Each structure stands twice: as structure tokens, then as C-alpha cells.
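Observations on the model geometry
Residue strings, one per chain:
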Amino acid sequence: MKFLLLYLFLILFIIGACKQNPPIKTEANLTFDHVLIFCKGNEFEDSLSQLFTFADKLSSKHPEQGTMGRYILVMNSFIELLYIEDSAKVKNNEDRFRSPYLNRWDPGSACPFAFGLILEPYDSTTCVYPFEAYRSLDIPQEAYYLMSVANKDASQPMIYASPKERAHRTYEDISEIYEIEDDNKRRDLKKYMQHPSGIQRLTSVIISLPSGEIIEGNLKILNELKEVETVKAEGYQLTLVFDEAKQGKSFDIVADIDVRIEY
């Protein structure tokens, strides 16, 4: 009998302890996924086509947002070129977007670059930086993105986050693509990952911007990513380094947006 009472006492003690000490949430981890560039015309894309194969079948229109995206895939990331298709829709979407992102297409007044990050676990309450949910009318409500609250400062790059399962899949070797069972997907990915320049992986990103040394907002987030470096310059410029620049080549695009490719 004494043993039974002792056993029950221990069970009640354990239950009470669990109630008093709930599990501690793991702090969310932000990692780099991809680059987005706000484009106005075709000149920039035409220049990039000298180095890259565009993933034509992945091009997507966002009618409710007034935009259209074009994509370049590499083994560990991708570049999205985002175009305006309906400026009124873009403007009307700003309240939901929670930032004046129509200005992003004017490089003279705003930073024309954005970065997609991966948040794990996908819970903004465990992240040290403030994010707010963005639910586009173009996608299911449950497939939402998290927008950095600091996106309101258009002088800094824009940042948004997605869960790992919706991020770009990283391929360590081109041979992994041959393991894809779907014939069409395998054939398309093989084509999209093979670029005339021989580029395979994005290894670092340098953001040049005129706002100087800022330790708050989105720049603080970006400076903590191992792939990203920010430097002061007269205007906005993006340098994308592929394959650690092992070929020793560079390609400068001077259009509405200044981008330097090193590979």
C-alpha cells in the first residue's frame, strides 16, 4: 500500500512539474535561400541571357499582385526577376504587403533588391527579428510568406521568409537530378541547371548601397548571413559571386540596375 501511495505521489509530482515548466521554444534560424531583383525592362534580362539559361516554364504571373516573375536556377539557389504588369494592382496590394514596394522599381529612390530566406521553425514568435504574415490572393491562404517589418524602409533590401519545404531544393551534384522520377521535370531541370557560362552555385552576395553603416533593420539580418556582405557605395549595386569565381571571369550589367556577376 505504501509503495502504491509513493508511486501515485511521484506521478502527481511529475505532472505538476510539467505544468510549471512548459517546453522551451527553440529560437528560429534564418538562412539564405534566393535573390530577387525588381526589373523595369528587358535590357537587364537580355544581358543575363548571355550567361544563364532561363527557366521558361517556371515563369509565373501574379494577377492579384500586378507582377510577373522570371527565374534563373542554380544548384543551391535561384534568381527571380520581378516585373510590373499592372502598377495599379501593385499599389493596391501595398497595405497587404505591408510596405511601399511599388517604389522598389525606381532604383533612384529605393533599393531594387530583395532576399528570400528560410525560417526554421516557421514560427515568427521564435524569431529575434519581427516578421508579419503576408497572404497573397494569388496563392492558398495557408501558403503564406513572412515579411520583415523593416521592409517599410525602402532604402534597404527587402526581406521575406518561407518554410524549408517551400524553399529552393539544394542539389549537391548534377547527378541528383537524374534521380527524379518524373521525365518532364528531370529533363527541364537538367536544361535549366546547365548555363552557357558553366555557372553552377551561388557562393556569395555583396550588396553596395548608399545608406552607410546601418546596424538595424534588414541590413542587420543580412549581415548575419554567411553568404552576404554589405558595403557603402554611391548607389545601389549587387555583386553575385558564383563558384567562388574560380573561372576568374566577371560580367557587368549597367542598365536600370547595376549588377556584377563574378564566376
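Our subject is the structure listed above.
Predicted model only: the values in this text are computed from it and were never measured. (Residues numbered from 1 in each chain as written. Predicted model: local features only at pLDDT ≥ 70, side-chain atom pairs only at ≥ 80, totals over all residues. Heavy atoms only, no water.)

Here the focus is the sheet that holds strand β11 (residues 237-242). Spatial ordering of the open sheet is given by β10-β9-β11-β13-β12, a layout of five strands whose pairing is mixed. In the strand order of this sheet, the two ends are held by β10 (228-232) and β12 (250-254), each with one partner. Between one strand axis and the next, the sheet turns by 15° as a mean value, whatever way the strands run. Across five bridges, the pairing between β11 and strand β13 (residues 258-262) is parallel. Of the residues in β13, the one forming a bridge with Thr239 is Arg260. (Pairing = 2+ DSSP bridges. Helix = DSSP H or I, 4+ residues; strand = E, 2+ residues; numbered from the N terminus. Axes fitted to C-alpha atoms, helices over the stretch in contact; angles between N-to-C directions.)

Judged by pairing direction, the sheet is mixed, and its eight strands sit side by side in the order β2-β3-β4-β1-β5-β8-β7-β6 without closing on themselves. Looking at which strands have only one partner, the edges of the open sheet turn out to be β2 (60-62) and β6 (131-134). For this sheet, the mean angle separating the axes of adjacent strands, direction not counted, is 30°. Pairing of β2 with strand β3 (residues 67-73) involves three bridges; the strand directions are antiparallel. Following the sheet pairing, His62 is matched in β3 by Thr67.

On to unusual backbone geometry, then. A negative phi angle is the norm for most residues apart from glycine, just as the trans form is the norm for most peptide bonds. Cis peptide bonds are those with omega within 30 degrees of zero, and the linkage from Glu120 to Pro121 qualifies with -10°. Inspection of the secondary structure assignment puts Pro121 in the loop between β5 (113-120) and β6. With a phi angle near 55°, Asp243 is a residue other than glycine that sits in the positive phi range. Looking at the element boundaries, Asp243 is found in the loop between β11 and β12. Judged by its relative accessible area of 17%, Asp243 falls in the buried class. The backbone of Ala245 sits at a positive phi, close to 55°, despite the residue not being glycine. (Buried < 20%, exposed > 50% of the residue type's maximum accessible area, 1.4 Å probe, protein only.)

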